[in-house]
Amino acid sequence: MNSAYEKYFRQDRLPHIWCPGCGNGIVLSAFARAMEELNIDQDKTVVVSGIGCSSRATTYVDFNTLHTTHGRALAFATGVKLANPELNVFVFMGDGDSSAIGGNHLIHASRRNIDITAIIIDNNIYGMTGGQYSPLTPTGKKATTAPYGMVERNFDLCELVKGAGATFVARGTVYHAKQLTDLIVAGAKNKGFSVIEAVSQCPISYGRRNKMKNALEMINWQKEHAVNVKAAQKMNPEQLKDKFLIGELYRAEAPEYTAEYDKLIERVQKGGK
Ligand SMILES: Cc1ncc(C[n+]2csc(CCOP(=O)(O)OP(=O)(O)O)c2C)c(N)n1
Ligand code: SF4
């Protein structure tokens, strides 16, 4: 067995519950490889998740873990990081967990630029509860709650967190697994709020309802529709139609929340106002 898998997974919690062909396992293995590359101290690392198939990640990874409530992973993670800013904090969320019920937490974690790395597994659907649409279900696609096609427009999650103040924003896919590892490593090194959207596949609750028969077809779709942000600079709007960007999309400098809080505590303790 690969050493990263032995070291970073709770062997006694395997096998996992995910359906055959689900992308969650590939995202999790990219995470394990990133942890290996960072040579991270497991005892000083906390991994938090909400509720959903993707959020089961915290059951399997061997760190200090918190499997919390739907949409609230970032609220718990903010508390952990504020209580002990020395800890490395990672958060796993699904597209529904992060952008629907947890949308406000995502916006405000971005605005605060708190030093947390969020990995959002975007399978375009509520997988665990059988296929209700999420704010990332593309317009026109089918869901149990949109049997004739999604009427609403979907968010560009990366643009959303960039606008809200996140200082590292990237998108990867299950197909581009090596790049996904690199993006998680880069996000973890950023001293601020980092978001990595991992485009993934849910063949069960999304694919079969949307004329994608199996995981292979869905992964091929990722391969054919993802364009690296650098390559996109040389392409015209016509060539970019129906495509989505992957790679490091945005990076910025901004004050980090826990560091700013520490400064405030020091100032007040010295009798400052
Ligand atoms: C407060 C609350 N509302 C609703 C639910 C039911 N619920 C559990 S998981 C889930 C959706 C998960 O979808 P997503 O976050 O996209 O993750 P996925 O399962 O696709 O990985 C919902 C609505 C819940 N557990 N708690
Ligand atoms: S329902 Fe979808 S997201 Fe959930 S484990 Fe199955 S394939 Fe994965």
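Structure: see above.
Just so we're clear, the structure is a prediction, and the values are computed from it rather than from any experiment. (Residues numbered from 1 in each chain as written. Chains lettered and ligands numbered in written order. Predicted model: local features only at pLDDT ≥ 70, side-chain atom pairs only at ≥ 80, totals over all residues. Heavy atoms only, no water.)

## A few points about the pattern of salt bridges
Counting across every chain of the model gives 10 salt bridges. Here Glu217 ties to Lys213 by a salt bridge, and the two come within 3.3 Å at their closest N and O atoms. Given the relative accessible area of 67%, Lys213 is considered exposed. A salt bridge links Glu260 to Lys263, with the nearest nitrogen and oxygen atoms 2.9 Å apart. With Glu260 and Lys263 both in helix H12 (residues 257-269) and 3 residues apart, this pair spans about one turn of that helix. Judged by relative accessible area, which is 33%, Glu260 ranks as partly exposed. One continuous salt-bridge network, built from bridges that share partners, spans Lys81, Asp115 and Lys191. (Salt bridge = Lys/Arg side-chain N within 4 Å of Asp/Glu carboxyl O. Buried < 20%, exposed > 50% of the residue type's maximum accessible area, 1.4 Å probe, protein only. Helix = DSSP H or I, 4+ residues; strand = E, 2+ residues; numbered from the N terminus.)

## Considerations on the site of ligand 2
The local shell around ligand 2 consists of Trp18, Cys19, Cys22, Cys53, Asn123, Gly127, Cys202, Pro203, Ile204 and Ser205. Classifying every residue of the shell around ligand 2 gives 7 nonpolar, 3 polar and no charged. (Near = heavy atom within 4 Å. Nonpolar A, V, L, I, M, F, W, Y, C, P; charged D, E, K, R; others polar.)

## Some words on the layout of surface pockets
Looking at the largest pocket, its volume works out to about 760 Å³. Contributions of two or more residues to the lining of the largest pocket are made by helix H7 (157-164), strand S7 (168-173), strand S8 (194-199), helix H9 (215-225) and strand S10 (244-251). Considered class by class, the residues forming the lining of the largest pocket number 15 nonpolar, 7 polar and 9 charged. (1 Å grid on protein atoms, 1.4 Å probe; cavity = no way out; pocket = protein on both sides within 12 Å on 5 of 7 lines; lining within 4 Å. Points joined across faces, edges and corners; volume = space filled by probe spheres on them.)

## A word on the side chain of Thr59
Mapped onto the elements, Thr59 comes out in helix H3 (residues 57-60). Among residues more than four places away in sequence, those in contact with Thr59 are Arg10, Arg13 and His67. (Contact = heavy atoms within 4.5 Å.)

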